[in-house]
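Chains, contacts and geometry: an overview
This is what each chain is made of:
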Protein chains: 2
Amino acid sequence: MDRPLPRPSDGRSTPYLLVDVDVLADNVARMAARARQRGVALRPHAKTHKCLEIARMQVDAGAVGLTVATVSEAEVFASGGFTDLFIAYPLWVDAARGSRLRALAERAAVVVGVDSSDGARALAAQVPGTAVMVEVDSGQHRTGVAPEEAGLVAEASARAGLDVRGVFTFPGHSYAPGVRADVSAQEADTLRRAVASLSARGLEAAVVSGGSTPTATLDVPAGNDDGSVHDSRDDVLDELRPGVYVFSDAQQWELGAGGPEHLALTCVATVVSRAGGRVVLDAGSKALGADRSAWATGYGRLLDHPDARISALSEHHAVVTWDSSPAPQPGSRVRVVPNHACNAVNLHEELVLTDGSVWPVAARGRLS
Amino acid sequence: MDRPLPRPSDGRSTPYLLVDVDVLADNVARMAARARQRGVALRPHAKTHKCLEIARMQVDAGAVGLTVATVSEAEVFASGGFTDLFIAYPLWVDAARGSRLRALAERAAVVVGVDSSDGARALAAQVPGTAVMVEVDSGQHRTGVAPEEAGLVAEASARAGLDVRGVFTFPGHSYAPGVRADVSAQEADTLRRAVASLSARGLEAAVVSGGSTPTATLDVPAGNDDGSVHDSRDDVLDELRPGVYVFSDAQQWELGAGGPEHLALTCVATVVSRAGGRVVLDAGSKALGADRSAWATGYGRLLDHPDARISALSEHHAVVTWDSSPAPQPGSRVRVVPNHACNAVNLHEELVLTDGSVWPVAARGRLS
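Just so it is clear, the structure is predicted and the values come from calculations on it, not from any experiment. Note that residues are indexed from 1 along each chain, following the sequence as it is written. Each chain takes a letter, starting from A, and each ligand takes a number, starting from 1, following the order in which they are written. In keeping with the predicted nature of the model, local features appear solely for residues at pLDDT of at least 70, side-chain atom pairs appear and are counted solely at 80 or more, and the whole-chain, interface and lining totals rest on all residues. Water and hydrogen atoms play no part in the side-chain values, which are based on all heavy atoms of the structure.

1. What about the interface of chain B and chain A?
On the chain A side, the residues contacting the 58 residues of chain B number 58 residues. By definition, the buried area sums, over both parts, the 1.4 Å-probe accessible area that each loses when the two are put together. In this assembly, chain B packs against chain A so that about 4700 Å² is buried in total across both faces, 51% of it on carbon and sulfur atoms. Salt bridge criterion: a side-chain nitrogen from Lys or Arg within 4 Å of a carboxyl oxygen from Asp or Glu. Where chain B touches chain A, the interface holds 6 salt bridges. Of the charged contacts in the structure, one is a salt bridge between E315 of chain A and K47 of chain B, with a shortest N-O distance of 2.9 Å. Any two residues whose heavy atoms approach within 4.5 Å are treated as being in contact.

What follows is the structure, encoded as structure tokens:
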């Protein structure tokens, strides 16, 4: 990689998030191309970047709209001019949230997730006619009904007066080593069974939506002779909703779903201590997030030192197990690759770009 | 406990942080009393709450000043009228940070941590005469020199023209089960050796500062006949810097350093899904933080269901392993106790109090 580290003389105190604008643009274009080749729509999850400028890049590259996680994220992106939003979450809609959803619906086409008959009725009572997608569980065992129950929830939704558009799943259990192919197959199978469950009740799933960054990798596999790429899931999937691919992160790096050449987001940190021979940085869990999966090799990686690991993390300190190169002196700056880009971005007010721009994290902390 | 859960009709969408103002006031008073009984000064760490109103309560209860982690936290509290601030961190002071420290020094008495001769010289070059405390490592192996090297760093600091005030340590390795007594003894021993190391070079440690919430517990042990409380550390310690005690959290609960009666901070969350019989809440790692120590029993606890555990956490979902009571219906609200209060607070713009007040998290995201 030939990416110069910003000099301390740039005057910005560490820690701060740095986005390599060329790598970002390449990631955005690459995933858009992959979706086109597979013949599926791309509706990227904006919870990763929470940034209007990046959402604009995604839509300009062909995304059909955005996915968001919360009503307040939807409010921010609607205010930013994005008018096709899927809240991929089984909202519990009480009076307060209903009022916000009605206001939102005046500014954007909004689709909401649903995974229970009770949830559907609560939503319908507040915002009659809302477009919904039924969430099914493809193995992560979080939200989402079993695929065989999708028809039941869809029917209850239709009876309550909601506009049933289709089914969706999030194969979050793809965030583990060596499972990508199996989870992709499981995702496709789950969605097929969910579509059948709707059909059995005379309902159509016009949209079948899936995909996470590990299952929708940035690296395009070898195509067919005509240049097309066939993925076994494409017989059922209409739409992909990857999020992390815009930045990638240490998790994706370690899962093999986005190598160092795809890493667009780092946290610039200063070596503040070499006491006891340790290398300690001023980026801790309040700058990087505390995420560490059981299979992760540490609390984060260093872009320019692939063998180094963050072996201990507290709020404002990262202790690095250094690689074989000479350890850096206090005052040196390094680029840290967070384990989980989504949580790291949410901890910062802005993204500093390698071209000198500064973009606000507009939907930061929009939790409700 | 007899603390009513706020009703959904309060109109605030979940997730949000709720502070029980009575428990908070009791925690503040209790730690202040404990410091007085032990005859040590209390300089609470404000990184936990980042809130001007809570800092004011602490100072009104007798705290000699505040501890902060970053220059930007110091800037916020100085703007809020707090004029005695210890940045308990070995800052690397370049020109930009030097300029900010000089501006800060015009508004408040500021003391800065130092753990290397290089760091001392960099600080002195920017802000001559700054008051410093030498950080020593009492076993956490993060920042801080070995106690025997404290004199060397103090001497280099004095020669560079800094004003050496004393020594400090953070016994962060007290965050583990069953180690509190050992770590407290280690902390005292380390500080004694550090003081001796300064003495050997003709330097005095006027202030000897230690303490974390687990080693400075809220529960006052049985006192002596005259009502005083003797702690073996009090022969050396002048000052305590606990932070988490104002709120306590699931870590303190599990460490036995602050039982449920001391839990002042919860995240109010809604049950959004019962699909597959699971209980899923709308508070995930973006509302609670992703902290989970190896010894923690989950990603967080429920205040009103001590046997329940958050067994899986993603950005906007907590999957709860429920206790033996009937599981709650979708739409129910519960109070989640975050594992680590400091990281949870930093994810929110405001704290909602049980008396109806709303306090801004004024120093939220102040990382540099």
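2. A short note on the packing of aromatic side chains
All names here are of chain B. For this analysis, a ring pair means two rings from Phe, Tyr or Trp (six-membered ring only for Trp) whose centres lie within 6.5 Å, classed as stacked if their planes differ by under 30 degrees, edge-to-face if by over 60, and tilted for the remaining angles. A complete count under the given rule lists 4 aromatic pairs over all chains for this structure. Ring centres of F86 and F168 lie 4.9 Å apart, and the angle between their planes is 85°; this geometry places the pair in the edge-to-face category. Taken together, the residues span a long stretch of sequence, with F86 in strand β4 (residues 84–90) and F168 in strand β7 (residues 163–168) at a distance of 82 residues. As far as burial versus exposure is concerned, F86 and F168 are alike and both buried. Secondary structure is summarised from DSSP: a helix means a run of H or I of at least four residues, a strand means a run of E of at least two, and numbering begins at the N terminus for each. Only protein chains enter the accessibility calculation, which uses a 1.4 Å probe. A residue is then buried if its area is under 20% of the maximum for its type, exposed if over 50%, and partly exposed in between.

3. A few points about the confidence of the model for chain A
Residues and elements named next belong to chain A. Values of pLDDT, which run from 0 to 100, indicate the predictor's confidence residue by residue. When pLDDT is averaged across chain A, the result is 93; 93% of the residues are at 70 or more. For the stretch residues 220–225, pLDDT sits under 50, and the model shows 9 contacts to residues farther than four places along the chain or on other chains. Interface confidence for the predicted complex, expressed as ipTM, amounts to 0.95; the pTM equals 0.95.

4. Some points on empty space enclosed by the protein
For each structure, a 1 Å grid was placed over the protein atoms alone; sets of points admitting a 1.4 Å probe that cannot get out are labelled cavities, open sets with protein on both sides within 12 Å along at least five of seven lines are labelled pockets, and lining residues have an atom within 4 Å of a point. Grid points are joined across faces, edges and corners, and a volume is the space filled by probe spheres set on the points. With the rule as written, the count across this model stands at 8 cavities of 30 Å³ or more. Counted as a void, the largest cavity has a volume near 110 Å³. In terms of lining, the largest cavity is formed by 15 residues, of which the most central are G289 and L347 of chain A together with S285, G289 and L347 of chain B.

5. Some remarks on the environment of L162 of chain B
All names here are of chain B. Mapped onto the elements, L162 comes out in the loop between α6 (150–159) and β7. Spatially, the C-alpha atom of L162 lies 22 Å from that of R192, the residues being 30 residues apart in sequence. Excluding residues within four positions of it along the chain, L162 makes contact with A120, L123, A124, V127, G129, T130, V132 and S157.

6. Things to note about the domain arrangement of chain A
All names here are of chain A. According to the domain assignment, chain A contains domain 1 (8–18 + 264–360) and domain 2 (22–247). Computed over C-alpha atoms only, the centres of domain 1 and domain 2 are separated by 32 Å. Between domain 1 and domain 2, the contact holds 10 residues from the first and 17 residues from the second. Across the interface of domain 1 and domain 2, roughly 1100 Å² is buried in total on both sides, 74% from carbon and sulfur atoms. Polar contacts, as used here, are pairs of N or O atoms within 3.5 Å; protein pairs need one atom able to donate a hydrogen and one able to accept it. Residues neighboring in sequence count only if both atoms are side-chain atoms. Linking domain 1 with domain 2 are 2 residue pairs in polar contact (both at pLDDT 80 or more). Of all the secondary structure elements, the ones that give two or more residues to the side of domain 1 that touches domain 2 are α10 (341–345) and β17 (358–360). Broken down by element, the side of domain 1 that touches domain 2 gets its largest block of residues, 3 residues, from α10. Residue composition of the side of domain 1 that touches domain 2, by class: 9 nonpolar, 1 polar and no charged. Delimitation of the domains relies on an automatic or database domain assignment. Side-chain classes are defined by residue name, with Ala, Val, Leu, Ile, Met, Phe, Trp, Tyr, Cys and Pro counting as nonpolar, Asp, Glu, Lys and Arg as charged, and the others, Gly among them, as polar.

7. Some remarks on helix α2 (residues 52–60) of chain B
Residues and elements named next belong to chain B. Looking at α2, one finds that the buried residues are I54, A55 and Q58. In a view along the axis of α2, the buried residues occupy a sector of 100°, so they form one face of it. The elements touched by buried residues of α2 are α1 (21–38), β3 (66–68), α3 (71–79), β16 (350–353) and β17 (358–360). G62, located one to two residues past α2, shows a positive phi value of around 120°. Picture the helix axis, draw a direction to every C-beta atom, and the arc is the one those directions span.

8. Looking at the pairing of strand β10 (residues 265–273) of chain A
Residue and element names in this part refer to chain A. With 9 of its 9 residues buried, β10 lies for the most part within the structure. For two strands to be treated as a pair, DSSP must find at least two bridges joining them. Pairing between strand β1 (residues 16–19) and β10: 4 bridges, direction antiparallel. Bridge pairing in β10 places Y16 opposite V268. Here 2 bridges tie β10 to strand β11 (residues 279–281), and the two strands are oriented antiparallel to one another. Paired with S273 across the two strands is V280, which belongs to β11. Between the end of β10 and the start of β11, which pair antiparallel, lie 5 residues, with G276 showing a positive phi angle near 65°.

9. Regarding the packing of α1 of chain B against α2 of chain B
Residues and elements named next belong to chain B. Angles here are taken between N-to-C directions and fall from 0 to 180 degrees, while the axes themselves are lines fitted to C-alpha atoms, restricted in helices to the stretch in contact. Where α1 meets α2, the closest approach of the two axes is 9 Å, and the angle between their N-to-C directions is 40°. As the angle between them shows, α1 and α2 are arranged oblique. Here α1 and α2 pass one another in a crossing that is right-handed. Where α1 abuts α2, its residues L24, A25 and V28 lie against I54, M57 and Q58. Looking at the contact of α1 with α2 residue by residue, the class counts come to 5 nonpolar, 1 polar and no charged. Any angle between 65 and 115 degrees counts as roughly perpendicular, while under 35 counts as roughly parallel, over 145 as roughly antiparallel, and the rest as oblique. In a left-handed crossing the near helix is turned counterclockwise from the far helix by less than a right angle, and in a right-handed crossing that turn is clockwise.

10. With respect to the sheet that holds strand β3 (residues 66–68) of chain A
Residues and elements named next belong to chain A. Spatial strand order, β2-β9-β8-β7-β6-β5-β4-β3: 8 strands in an open sheet with parallel pairing. Edge positions in the sheet fall to β2 (41–42) and β3, since each has one partner strand and no second. Where β2 meets strand β9 (residues 239–240), 2 bridges bridge the pair, whose relative direction is parallel. Across the sheet, the residue bridging to L42 is L240, located in β9. Lying on the sheet, helix α3 (residues 71–79) is in contact with β3 and β4 (84–90); it crosses β4 at an angle near 170°.

11. Thoughts on the relation of the copies chain B and chain A
Copy-to-copy superposition: least squares on the C-alpha atoms, limited to residues that have pLDDT of at least 70 in both copies. Between chain B and chain A, which share one sequence, the superposing operator has a rotation angle of 180° and an axial displacement of 0.0 Å; the RMSD is 0.0 Å. Taken together, the turn and the small shift mark the pair as related by a two-fold rotation axis. For chain B, the residue whose C-alpha comes nearest the rotation axis is A290 of chain B, separated from it by 2.6 Å. Take the interface residues of chain B: 100% of them recur as interface residues in chain A, which is what a same-surface contact looks like.

12. Description of the sheet that holds strand β5 (residues 109–114) of chain B
Residue and element names in this part refer to chain B. Ordered by their spatial adjacency, 8 strands build an open sheet running β2-β9-β8-β7-β6-β5-β4-β3, and the pairing between neighbours is parallel. Where the open sheet ends on each side, the last strands, each with one partner, are β2 (41–42) and β3. When β7 meets strand β8 (residues 207–210), the two strands line up parallel, connected through 3 bridges. Bridge assignment links G166 to a residue of β8, and that residue is V207.

13. A look at α1 of chain B
All names here are of chain B. Helix length check: α1, at 18 residues, gives a terminal C-alpha distance of 26 Å against a target of 26 Å (1.5 Å per residue), a fit within 8%. Among the residues of α1, V21, V23, L24, N27, V28, M31, A32, R34, A35 and R38 are the ones counted as buried. Those residues of α1 that are buried lie in contact with β1 (16–19), β2, α2, β9 (239–240), β16 and β17. Where α1 begins, one side-chain oxygen reaches toward the backbone nitrogen of D22, 3.1 Å away; that side chain belongs to D20. Of the residues flanking the end of α1, it is G39, one or two places downstream, whose phi is positive at about 75°. For a helix, the expected span equals 1.5 Å multiplied by the number of residues minus one.

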